[in-house]
Amino acid sequence: MYHIAVCDDNQEEAHLIGRMTQEIMAQREIEAQVDLFFDPESLLDKLQQTQIQYDLFLLDILMEERNGIQLAQALRQRGYQGKLIYITVSRDYAIDGYKVNALDYLLKPISYVDFLQAANKAVQWFELLQQPKDEIESIFVK
């Protein structure tokens, strides 16, 4: 089972992203648990209180106390290696997003097609990680 965290301070947006994520995973017959967080601190608290390792973080950037870039930096500093996809209204942080190894950067309002393409990138990583190491000949990183 894959664990996916959605963090967006707009609850309506978070629920929409969560529903689209669950739908895409169900279509691909991938078992996934999608957890919603409405502020970065609640996500960090959950990680501190549990042993959960999220495979994918779907993060807004413009949030009140800590923005999505700062959240990703905190995640990386604490050793969390899950893939990151940013979903935001601002183009201003795209370069910073890739500095924390973001897999994709989507602008709101997101279309289902754009989100599907980004989710497919994450699913390809998930599938790659499931292969026995001796079957992986090489990995090309763009």
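Everything discussed here concerns the structure shown above.
So, a few notes on the structure that sits alongside this text. (Residues numbered from 1 in each chain as written. Predicted model: local features only at pLDDT ≥ 70, side-chain atom pairs only at ≥ 80, totals over all residues. Heavy atoms only, no water.)

Looking at unusual backbone geometry
Most peptide bonds are trans, and most residues other than glycine sit at a negative phi.
Then, in step 1: Of note, the bond from lysine 108 into proline 109 is cis; its omega dihedral lies within 30 degrees of zero at -5 degrees.
Then, in step 2: With respect to the helices and strands, the residue proline 109 is situated in the loop between strand E5 (102-107) and helix H5 (112-130).
Then, in step 3: Although it is not a glycine, glutamate 29 adopts a positive phi angle of roughly 60 degrees.
Then, in step 4: Along the chain, glutamate 29 falls in the loop between helix H1 (11-27) and strand E2 (32-37). (Helix = DSSP H or I, 4+ residues; strand = E, 2+ residues; numbered from the N terminus.)

Comments concerning helix H3 (residues 68-77)
Then, in step 1: In terms of residue burial, H3 counts as a mostly covered element, since 7 of its 10 residues are buried.
Then, in step 2: At its buried positions, H3 is contacted by strand E1 (2-7), helix H2 (40-49), strand E3 (56-59), strand E4 (83-88) and helix H4 (94-99).
Then, in step 3: Capping the start of H3 is the job of one residue whose side-chain oxygen sits 2.8 Å from the backbone nitrogen of isoleucine 69: asparagine 67.
Then, in step 4: Downstream of H3 by a residue or two, glycine 79 has a phi angle that is positive, lying close to 90 degrees. (Buried < 20%, exposed > 50% of the residue type's maximum accessible area, 1.4 Å probe, protein only. Contact = heavy atoms within 4.5 Å. Polar contact = N/O pair within 3.5 Å; in protein donor to acceptor, adjacent residues only side chain to side chain.)

Observations regarding the pattern of salt bridges
Then, in step 1: Applying the stated criterion across every chain yields a total of 7 salt bridges.
Then, in step 2: With a shortest N-O distance of 4.0 Å, lysine 46 and aspartate 35 are connected by a salt bridge. Separated by 11 residues along the polypeptide, lysine 46 in helix H2 and aspartate 35 in strand E2 bring together distant segments of the chain.
Then, in step 3: Lysine 46 gets classed as partly exposed once you look at its relative accessible area, which sits at 28%.
Then, in step 4: Residues glutamate 41 and arginine 66 are paired through a salt bridge, measuring 2.9 Å at the closest nitrogen-oxygen approach. Taken together, the residues span a long stretch of sequence, with glutamate 41 in helix H2 and arginine 66 in the loop between E3 and H3 at a distance of 25 residues.
Then, in step 5: Taken together, the shared-partner salt bridges in this structure form one network comprising Asp8, Glu13, Asp60 and Lys108. (Salt bridge = Lys/Arg side-chain N within 4 Å of Asp/Glu carboxyl O.)

Structural notes on the environment of isoleucine 30
Then, in step 1: Along the chain, isoleucine 30 falls in the loop between H1 and E2.
Then, in step 2: Counting along the chain gives 20 residues from isoleucine 30 to asparagine 10, while the straight-line C-alpha distance between them is 27 Å.
Then, in step 3: Apart from residues lying up to four places away in sequence, isoleucine 30 is in contact with Tyr2, Met25 and Val123.

Regarding the packing of aromatic side chains
Then, in step 1: Counted under the stated rule, the structure contains 3 aromatic pairs.
Then, in step 2: Residues phenylalanine 37 and tyrosine 54 carry aromatic rings whose centres are separated by 6.2 Å and whose planes lie at 90 degrees to one another, so their mutual orientation is edge-to-face. One end of the pair, phenylalanine 37, is in strand E2; the other, tyrosine 54, is in the loop between H2 and E3, and 17 residues separate them in sequence. Take phenylalanine 37 and tyrosine 54: they sit in the same class, and that class is buried.
Then, in step 3: Between tyrosine 86 and tyrosine 105, the ring centres sit 6.1 Å apart and the planes meet at 55 degrees, which makes this aromatic pair tilted. Placement of tyrosine 86 in strand E4 and of tyrosine 105 in strand E5 is noted, with a sequence separation of 19 residues between them. (Phe/Tyr/Trp six-rings, centres within 6.5 Å; stacked < 30°, edge-to-face > 60°.)

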